[in-house]
Amino acid sequence: MRDRTDTAAPAPAPSPDSASGLAAAAPERASAPPRPLGEHRRWPRSFADRLTAPLPGVRGYARLAREGAFRPGPEGLRGIPDLPCEPAPLPPVPPGGVCVTWAGHASWVLRTGGLTVLTDPVWSRRILGTPARLTPVGVRWADLPPVDAVVISHNHYDHLDAPTLKRLPRHTPLFVPAGLAGWFRRRGFTRVTDLDWWESAELGGVRFEFVPAHHWSKRSLIDTCRSLWGGWILTDTLGAVPRKLYFAGDTGYGHWFGEIGRRHPGIDLALLPVGAYAPRWWLGDVHADPEEAVRACIDLGARRMAPMHWATFVLSAEPVMEPLDRTLAAWQRAGLPREDLWDLPIGASRALAPGTAGTGG
C-alpha cells in the first residue's frame, strides 16, 4: 500500500499443479474452455505473487493506531439518517431480462439467464471487528427466490460470512477463488468450483469467469494470501442479446480494469466499490475511491455502473455519505449519462429489458 515501508515477503513459485503462474503471466492468451463444475484441484501454498502492492507491515499498523483513523468522526457519522435504504419486493424478470437488487455492501441479488445468483452474501447484523450494520439488509432472506448459485470474491469477513452461508442448502452451486474450495467443503457444501483468474465454468447457460482484482486475502493469523481474490463476469450465453454483468468484489484501482474490458467488450453493468477508502495512505492500493471507480468503469468500457461497498458497515474513516456524493460528482465531471449511473438505495432493484443495449433500463 502507498507510503508503507514494510514489504511483503517474497512469494513462493507457483505450483506446477496449478495454472496460477500462467494465468498471471500471460493475460493475452485466449480464453480457455470452461472448467468442470465441482472438480477438486491443487493450488500453490500462496498467491502472494499476485499482489500488486506490498501488504501492511508493523510500521503501517502503528501509524494507523497513532492517528486513530479507524472510523469517521462525529461529523462524518451525522449522515447516517440520510443513507439510502428503500427495501421493496423483488420485481418479476421477463425471459431474456436482467435484474439487479442491492442487498447492501457487496451483496447483490442478480437475476440473469433464468438464474438467481447471490454475490458475497452477508445477511448478518454484525461482522467481525466492526460495529453493527448502519442500514438493514435490503432483502429479507425469506423473500429470496430459490438461490441457483453464489459467487464469492475473497475471504475477508465482510465478503465471506459463515452465518449467512449456513442458511444455504449444501447442494447450492458455489463459485469461489482458487484455494478457497476447502473452506466450503469442510462445511458440507458439495458443489464448489474454485477458479484461477481468467478461468470460467458454466451453469444453466450462464458463464461465470473469475477475473483479477487489486486486493488480497486473509481470514486468520496464518492464512495471508493462501487463497486468491478477484471479481466475476457473468455472461448469459443463451439469450438473443448476450448479457454481461461485472461484479468487482473488493478492489483498488489499477491496470486490471483495462485488461478485463479488452477481454470482455460490451459489459452491460459494472458493480463497482466506491467506499471504505480513507485514509488513502492506508487503503489506496486495495479500495478504490469514488473517482477511481468512475475511472475504472470507463477503463472497462462498461455501459452502466452501480456503486456498492458503502452505506452498510463502518470500515474506514470517510464520512458515511461522502462515497455517494463524490461518485455523483465524478460521474458528472466525466460527462457520462446520468441514467447510466445506477445509484440504487439498499433494497432497490433495477432491470434491463430484453434487447436493451444502450442506455439504462
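The rules behind each value
All residue numbers here refer to positions counted from 1 along the written sequence of the relevant chain. Reporting of local features is limited, given that this is a predicted model, to residues whose pLDDT is at least 70; pairs of side-chain atoms are given and counted only at 80 or more, and all residues count toward the totals for whole chains, interfaces and linings. Excluded from the side-chain calculations are hydrogens and water; all other atoms, namely the structure's heavy atoms, are used. Whenever Lys or Arg places a side-chain nitrogen within 4 Å of a carboxyl oxygen from Asp or Glu, that contact is recorded as a salt bridge. Under the DSSP-based scheme used, a helix requires at least four consecutive residues in state H or I and a strand at least two consecutive residues in state E, with every element numbered from the N terminus. Three exposure classes are used, based on accessible area relative to the maximum for each residue type with a 1.4 Å probe and protein chains only: buried under 20%, partly exposed in between, and exposed over 50%. At least two bridges found by DSSP between two strands is the condition for calling them paired. Here a crossover is taken to be right-handed if, once the strands point away from the viewer, the path from the first strand over the helix to the second is traced clockwise. Between the first and last residue of a helix there are one fewer steps than residues, each counted as 1.5 Å, and that sum is the expected span. To obtain the arc, one takes the directions from the helix axis to the C-beta atoms. Here, two residues are considered to be in contact whenever any of their heavy atoms come within 4.5 Å of each other.

J.: What exactly am I supposed to notice about the pattern of salt bridges here?
T.: Side chains that carry opposite charge are capable of pairing whenever their charged atoms lie near each other. With the rule as written, the count across this model stands at 19 salt bridges. Arg63 serves as the salt-bridge partner of Glu67, at 2.8 Å between the closest nitrogen and oxygen. On the criterion of helical spacing, the pair formed by Glu67 and Arg63 is a turn pair, its members being four residues apart in helix α2 (residues 58–67). For Arg63, a relative accessible area of 26% translates into the label partly exposed. Salt bridges sharing common partners tie together Arg280, Asp289, Glu291, Glu292, Glu322, Arg326 and Arg333.

J.: Looking at this structure, how should I read the pairing of strand β10 (residues 243–247)?
T.: One face of the sheet, then the other: side chains in a regular strand alternate in exactly this way. β10 sits mainly inside the fold: five of its five residues count as buried. Neither face of β10 is exposed, since Arg243, Leu245 and Phe247 on one face and Lys244 and Tyr246 on the opposite face are all buried. Connecting the antiparallel pair strand β9 (residues 231–236) and β10 is a turn made up of six residues. Bridging between β10 and strand β11 (residues 269–273) involves three bridges; their strand directions are parallel. Bridge assignment links Leu245 to a residue of β11, and that residue is Leu269. Considered for its hand, the β-α-β crossover made up of β10, helix α6 (residues 256–263) and β11 is right-handed.

J.: Even after reading the chapter, I still don't get the pairing of strand β2 (residues 107–112), so can you show me in this structure?
T.: Across the six residues of β2, six count as buried, placing the element largely inside the fold. Here β2 shows two buried faces, one formed by Ser107, Val109 and Arg111 and the other by Trp108, Leu110 and Thr112. Direction of pairing for strand β1 (residues 98–104) relative to β2: antiparallel, over a ladder of five bridges. Bridge assignment links Val100 to a residue of β2, and that residue is Leu110. The hairpin formed by β1 and β2 contains two residues between the paired strands, and His105 there has a positive phi angle of roughly 55 degrees. Examined bridge by bridge, β2 and strand β3 (residues 115–119) share five bridges and lie antiparallel to one another.

J.: Explanation requested: helix α9 (residues 322–333) in the structure shown.
T.: A turn of α-helix holds 3.6 residues, and therefore any two residues three or four places apart point the same way. Helix length check: α9 (12 residues) gives 16 Å between terminal C-alpha atoms against 16 Å at 1.5 Å per residue, within 8%. Within α9, the full set of buried residues consists of Pro323, Leu324, Thr327, Ala330 and Trp331. Along the long axis of α9, the arc covered by the buried residues comes to 130 degrees, so they all point the same way. Residues Gln332 and Arg333 are exposed on α9 and point more than 90 degrees away from its buried face. Here the buried face of α9 lies against α8 (290–300) and β12 (305–308).

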